[in-house]
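So the chains spell out like this:
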Amino acid sequence: MAAVPVFEEFEPAADCDCAGCAHRRRMHAAGEHLSAQGCRTALVVVTAAGVVLGATGTGATARDASAAVRPGERAGERTAEPGPATEQGGTAPLHGPAGRPAAAKAPLRASTRAEIINRAKKWVDAKVPYSMSKYWSDGYRQDCSGYVSMAWNLAKNEWTGSLAQFGDRIMRDDLQAGDILLFHNPADPTGGSHVTIFGGWTDYTHTYYTAYEQTKPHTRKQATPMAYWNNSASYVAYRYKGLGTGTGAGGGQREAVPFPGVSRFGPGTNNASVTRLGEMLVARGGKRFYREGPDPRWTEADRRATQAFQRAQGWRGKEADGLPGPHTWRLLVNKQGRNIPAAKPAANGPNAGKPAFPGRAHFRPGRSSAYVTQLGKRLVERGYGKHYTSGPDPRWREADRRNVQAFQRAQGWRGAAADGYPGPETWRRLFS
């Protein structure tokens, strides 16, 4: 029988001009997962043909040759639960040092976010080579789903078609370190299926994140556009079901108060999550912002207290807009980060004696308070009271709005910035 050549996985030749190799080089440069293309495809076909042509009269067929080794297996062994052929391998047990399947452990083990990221970093530091048929020293397969199986400390190697059962689906805005972004293409598993580990947002815009992923040539950590370089719309965010808040290997309990989502906060919202937020802010030094409450109705007090907490962390701009996101919520729930500092004593400088902005809620149709009178008197003092036929008085009227709008337009503002309703900057300039 003629010897059958053995071909190793290799990258496309730099000097090969065939269409397949050229396309493969472009995909590699973009960081994509590369399905069998170009010269590699031709070599695989030749290899399979060699197996058939070199077979003796034992009934060997092309089907026998293609079935010799399945993804996720080594020659001479079968996986316990073989999955369909994929670029990520199939479901398979862990492998011990000798390459033999290891005994399965508990199906779901508790793990903290820190533990997940620390495990992910080990492969990054070791630059574990990508392979969907080899296993690293910890027993996990060296492909993208084996990498997540390792980071989540799963009892066996999973694949992109099975990882979702170990997580709870979440919104992308709720992503936190240790969660995953998964794209499984059931119609064609080799057609882009991939999974990454979310390491955190790179900035407040939430357009890029730090991704930990197993890809060719080896494990990497890099800033990645949300959700990935390609097939972005098809990626789904998941959070490990065994996630705990403790710091030990046991993991502790699952998060008791997960972030409820950005839609639960802001003007017009009324729910228990707003009350919970206010209570946590009060406990962290935000009591002075609340004259009453906290309660389920979102008010300017909630926004100001949230903003004070965010600024205490050193955040600025949109990161301190007064609306809680996953990071703000996590710090409050876990009692982490800096507390809201105490109010500064009255200054003796140019701002001494200037009233603080009381909040937008006081300046709306139907509202009545001493702040409306205070605003109106200041408008008259500054020469913007021509729309008053009487007053000013505590009741908010159209005359108040039109006078405020005249002052705002005098600042050069237009559109929504000159709607006649005072905000912090209008108030500051008016009382300067």
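Residues numbered from 1 in each chain as written. Predicted model: local features only at pLDDT ≥ 70, side-chain atom pairs only at ≥ 80, totals over all residues. Heavy atoms only, no water.

The name recorded for the chain in an unreviewed UniProt entry is Peptidoglycan-binding protein, from Streptomyces kurssanovii.

Chemist: How would you summarise the overall build of the chain if you had to cite specific residues and measurements?
Modeler: In terms of regular secondary structure, the chain is built from 11 helices and eight strands. Split into buried and exposed, the 432 residues of the chain put 43% on the buried side. Considering only intrachain contacts with a sequence separation of at least 6, the fraction spanning at least 24 residues in the chain is 54%. (Helix = DSSP H or I, 4+ residues; strand = E, 2+ residues; numbered from the N terminus. Buried < 20%, exposed > 50% of the residue type's maximum accessible area, 1.4 Å probe, protein only. Contact = heavy atoms within 4.5 Å.)

Chemist: Could you give an account of the packing of helix α7 (residues 300-312) against helix α8 (residues 326-333), with specific residues and numbers?
Modeler: The N-to-C vectors of α7 and α8 enclose an angle of 85°; their axes lie 11 Å apart at closest approach. Considering their axes alone, α7 and α8 lie roughly perpendicular with respect to each other. On α8, the residues that touch Thr306, Phe309 and Gln310 of α7 are Thr328, Leu331 and Leu332. Split by residue class, the contact of α7 with α8 holds three nonpolar, three polar and no charged. (Axes fitted to C-alpha atoms, helices over the stretch in contact; angles between N-to-C directions. Parallel < 35°, antiparallel > 145°, perpendicular 65-115°, else oblique. Nonpolar A, V, L, I, M, F, W, Y, C, P; charged D, E, K, R; others polar.)

Chemist: Let's hear about helix α4 (residues 113-126): which residues, and what values?
Modeler: With 14 residues, α4 should reach 20 Å at 1.5 Å per residue; the first-to-last C-alpha distance of 20 Å fits that figure. Just beyond α4, the residue with positive phi is lysine 127, at close to 50°. (Expected span 1.5 Å × (residues − 1).)

Chemist: How would you explain the nonpolar core if you had to name every residue and give the values?
Modeler: Of all hydrophobic cores here, the largest spans 26 residues; its most connected members are Tyr147, Val148, Trp152, Ile180, Val195, Ile197 and Tyr212. Setting aside anything within four residues of it in sequence, one finds tyrosine 147 in contact with Ala120, Trp123, Val124, Arg141, Ile197, Tyr212, Glu213, Gln214 and Thr219. (Core = buried A, V, L, I, M, F, W, Y, C linked by side-chain atoms within 4.5 Å.)

Chemist: So what's going on with the pattern of salt bridges? Which residues, and what values?
Modeler: In total, this model carries 10 salt bridges according to the counting rule given. Here arginine 220 and glutamate 213 are joined by a salt bridge, their closest N and O atoms 2.8 Å apart. A residue is classified by how much of its surface remains accessible, and glutamate 213, at 0% relative accessible area, is buried. As a salt-bridge pair, glutamate 381 and arginine 378 come within 3.0 Å of each other at their nearest N and O atoms. (Salt bridge = Lys/Arg side-chain N within 4 Å of Asp/Glu carboxyl O.)

Chemist: Give a detailed account of helix α6 (residues 272-286), specifying residues and quantitative values.
Modeler: Between its terminal C-alpha atoms α6 stretches only 18 Å, short of the 21 Å expected from 15 residues at 1.5 Å a residue. Of the positions making up α6, those classed as buried are Ser273, Val274, Thr275, Leu277, Gly278, Met280, Leu281, Arg284 and Gly286. Check the buried side of α6 and you find it contacts α7 and α8. For α6, the N-terminal capping position is held by asparagine 271, with its side-chain oxygen 2.9 Å away from the main-chain nitrogen of serine 273. (Polar contact = N/O pair within 3.5 Å; in protein donor to acceptor, adjacent residues only side chain to side chain.)

Chemist: So what's going on with the packing of aromatic side chains? Which residues, and what values?
Modeler: If you walk through the whole model with that rule in mind, you get 17 aromatic pairs. A cation over an aromatic ring shows up here: arginine 364 above the ring of tyrosine 421, its NZ or CZ 4.5 Å from the ring centre. (Phe/Tyr/Trp six-rings, centres within 6.5 Å; stacked < 30°, edge-to-face > 60°. Lys NZ or Arg CZ within 6 Å of the ring centre and 35° of its normal.)

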